[in-house]
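# An overview of the molecular structure
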Amino acid sequence: MKEAVHIGGPASAGPDLQELLGLVARGDQDAFSQVYDTVGGAVLGLVRTVLRDPAQSEEVAQEVLLEVWKSAARYRPSRGSAMTWILTLAHRRAVDRVRSAQAATHRERRAALLERTPAYDEVTEQVEARLEREQVRRCLRGLTELQRQSVTLAYYRGLAYREVAELLSVPLGTVKTRLRDGLIRLRDCLGVSV
Amino acid sequence: MNTGDLHLLTGAYVLHALSPEEHAEFERHLPGCPSCSQEVRELAATAGRLASAVAVTPPAALKLQVMARISAERQEPPQIPRQSRRGGSRAGRALSRFALAASVAAAAAFGGVALWQHQEARDARDVAERAQTRAEELAGVLAAPDATVTSGRLTDGATGTVVVSRGRDEAAFLVSGLPEPPAGKVYQLWFADGDVMRPAGLMDPSDSTSAMLMDGPVDGASGMGITVEPAGGSAQPTSEPLALMKLPV
Ligand SMILES: [Zn+2]
């Protein structure tokens with residue numbers, strides 16, 4: 001059964017934020033101040049969830065917000081909402097940071113990942129505990145175990161799908177499709193439409 | 001990779017879970033595939049909901065710092081060409097008063113601003129008045145028409161920002177992500193006059209994210225620094241600086 005629910009956030013922040021970004025692109029600092037108020041909490045929360053180190057998270061969040069300021073002119077409404085654009089930037093930056101910080105060599109990285117194996121359940125739990133919005137939590141519970149683990153490890157931990165496959169001991173192709181059908185199920189449950 | 005496989009990559013793509021090569025390959029596929037484009041828009045918005053679900057309340061000083069930094073940051077050209085690009089110059093643009101008032105009010109409410117006079121206050125009212133004055137002075141520096149902004153990386157990923165108004169002869173220091181100093185130690189700020197370091201105030205050890213007015217006139221200072229010192233501070237630095245920043249002239 002599909003259930004459409006609406007939460008405050010990206011969906012409701014749509015047109016205003018888009019307008020503000022247009023002003024920001026022209027150098028309007030007051031508009032940027034409002035953009036910050038709208039997105040700052042989600043940007044920092046996401047970055048902190050991926051990086052988990054508070055000091056590094058604030059630094060990366062600042063980089064993300066500076067990038068919003070600098071490249072607001074690049075935002076294209078046809079590709080999605082302004083909130084989605086900003087959170088995509090934030091996730092990209094957090095993931096880049098976590099990957100560059102991780103092991104210098106593939107071998108070390110692999111070893112580090114395997115070491116983390118026993119902890120992944122706990123990690124997934126911890127992330128879920130922090131979810132503030134009931135709907136998202138409920139919709140995550142509506143996924144299969146493998147979908148939920150794949151999506152949360154990739155999104156909240158910044159793992160590449162190859163790493164997810166390794167960690168969960170499932171074939172690469174399976175993870176690829178679980179990431180897709182997991183997100184599709186979430187989309188339908190959350191009633192996301194663009 | 002054949003095209004049939006590429007259509008399946010939408011999820012991994014929006015989650016930034018592809019290898020750089022696959023990411024690039026998928027981005028070449030995307031413009032020519034309306035169904036993938038639509039799915040990517042939807043799934044990226046869905047991922048955004050996962051981000052909103054973990055939103056936090058950012059420390060107030062983070063906004064102060066971001067607002068200070070954008071005023072020194074050159075923007076990519078907007079779609080509509082401007083007559084003059086002077087506003088985008090390297091440093092030296094002041095924050096707009098509105099943005100500043102909003103962020104200073106936020107920081108004051110959070111209580112982290114300007115409470116770091118290191119001498120003892122006689123009573124609470126004195127402290128409050130002094131804090132008020134310091135907050136106003138801090139706001140004055142940040143909003144000064146000649147304010148210049150310099151940012152640098154401290155140790156442990158902390159970021160420091162110095163805002164200097166030569167006209168007012170005052171400077172403010174903003175920091176986020178600073179770890180707590182070791183027990184019995186404080187962070188001390190310094191003005192550097194050439195090789196000579198001059199004390200410029202102590203930071204509240206309980207705040208990792210804060211904004212403060214630096215003590216004393218800027219004068220001819222060419223730089224500033226931050227060190228870890230014994231509680232109460234030192235007359236001269238007794239440890240290697242965590243950071244040294246050049247001040248704009
Ligand atoms: Zn396609």
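Anyway, here's the lowdown on the structure attached to this text. (Residues numbered from 1 in each chain as written. Chains lettered and ligands numbered in written order. Predicted model: local features only at pLDDT ≥ 70, side-chain atom pairs only at ≥ 80, totals over all residues. Heavy atoms only, no water.)

### A closer look at unusual backbone geometry
Residues and elements named next belong to chain B. Threshold: Working definition: helices are DSSP H or I runs of at least four residues, strands are E runs of at least two. Numbering for both runs from the N terminus. The rule is simple: take the accessible area with a 1.4 Å probe, protein chains only, and divide by the maximum for that residue type; under 20% is buried, over 50% is exposed, in between is partly exposed.
For His16, which is not glycine, the phi torsion reads 55° and is therefore positive. Residue placement: His16 occurs in the loop between helix H2 (10-14) and helix H3 (20-29). Given the relative accessible area of 6%, His16 is considered buried. The backbone of Asp219 sits at a positive phi, close to 55°, despite the residue not being glycine. Locating Asp219 in the fold gives a position in the loop between strand S6 (210-213) and strand S7 (223-230).

### Quick look at the nonpolar core
Filter applied, for reference: Put simply, a nonpolar core is a bunch of buried Ala, Val, Leu, Ile, Met, Phe, Trp, Tyr and Cys residues held in one set by side-chain atoms that sit within 4.5 Å of each other. Here a residue-residue contact requires only that any non-hydrogen atoms of the pair lie within 4.5 Å.
In terms of nonpolar packing, the biggest core is built from 86 residues, with Phe32, Val43 and Leu179 of chain A together with Leu15 and Phe26 of chain B touching the most fellow members. Here the element with the most residues in this core is helix H2 (residues 29-51) of chain A; it accounts for 12 residues. Not counting residues up to four positions away in its chain, the partners in contact with Phe26 of chain B are Leu6, Leu9, Thr10, Tyr13, Leu18, Cys36 and Val40 of chain B. Counting 23 residues, the second-largest nonpolar core is a separate cluster that includes Val162, Val164, Ala200 and Met212 of chain B.

### A closer look at helix H8 (residues 145-157) of chain A
All names here are of chain A. Worth spelling out the cut-off: By this rule, a helix spans an expected 1.5 Å times one less than how many residues it contains.
Across its 13 residues, H8 extends 17 Å between first and last C-alpha, which sits within 8% of the 18 Å expected from 1.5 Å per residue. Along H8, 11 of the 13 residues are buried, which leaves the element largely enclosed by surrounding structure. Within the span of H8, buried status applies to Gln147, Arg148, Gln149, Ser150, Val151, Thr152, Leu153, Ala154, Tyr155, Tyr156 and Arg157. One or two steps after H8, the chain reaches Gly158, where phi turns positive at roughly 75°.

### Some thoughts on the sheet that holds strand S8 (residues 243-246) of chain B
All names here are of chain B. Worth spelling out the cut-off: When DSSP finds two or more bridges between a pair of strands, those strands are recorded as paired. Axes here refer to lines fitted to C-alpha atoms; in helices the fit is confined to the stretch in contact. Angles between the N-to-C directions go from 0 to 180 degrees.
Spatially, the four strands line up as an open sheet ordered S5-S4-S7-S8, and their pairing is antiparallel. The two strands at the open ends of the sheet, each matched to only one other strand, are strand S5 (196-202) and S8. Direction aside, the axes of adjacent strands within the sheet are offset by 30° on average. Both strand S4 (residues 185-193) and S5 contribute to a ladder of five bridges, which runs antiparallel. Paired with Asp193 across the strands is Val196, a residue of S5.

### Some points on the pairing of S7 of chain B
All names here are of chain B. Within S7, seven of the eight residues are buried, which leaves the element mostly enclosed by the surrounding structure. The pairing of S4 with S7 spans eight bridges and is classified as antiparallel. When the sheet's bridge partners are listed, Tyr187 is paired in S7 with Val228. With four bridges joining them, S7 and S8 adopt antiparallel strand pairing. The partner of Ile226 across the bridge, within S8, is Ala243.

### A word on the state of the cysteines
Residue and element names in this part refer to chain A. Just so we agree on the cut-off: Counting rule for disulfides: a pair of cysteine sulfur atoms within 2.5 Å.
Using the criterion set out here, one finds one disulfide over all chains in the structure. Disulfide partner of Cys139: Cys189, at an S-S distance of 2.0 Å. Judged by the torsion about the S-S bond (-75°), the Cys139/Cys189 disulfide is left-handed. Here Cys139, found in helix H7 (residues 134-141), pairs with Cys189, found in helix H10 (residues 172-190); they are 50 residues apart in sequence, far enough to count as distant.

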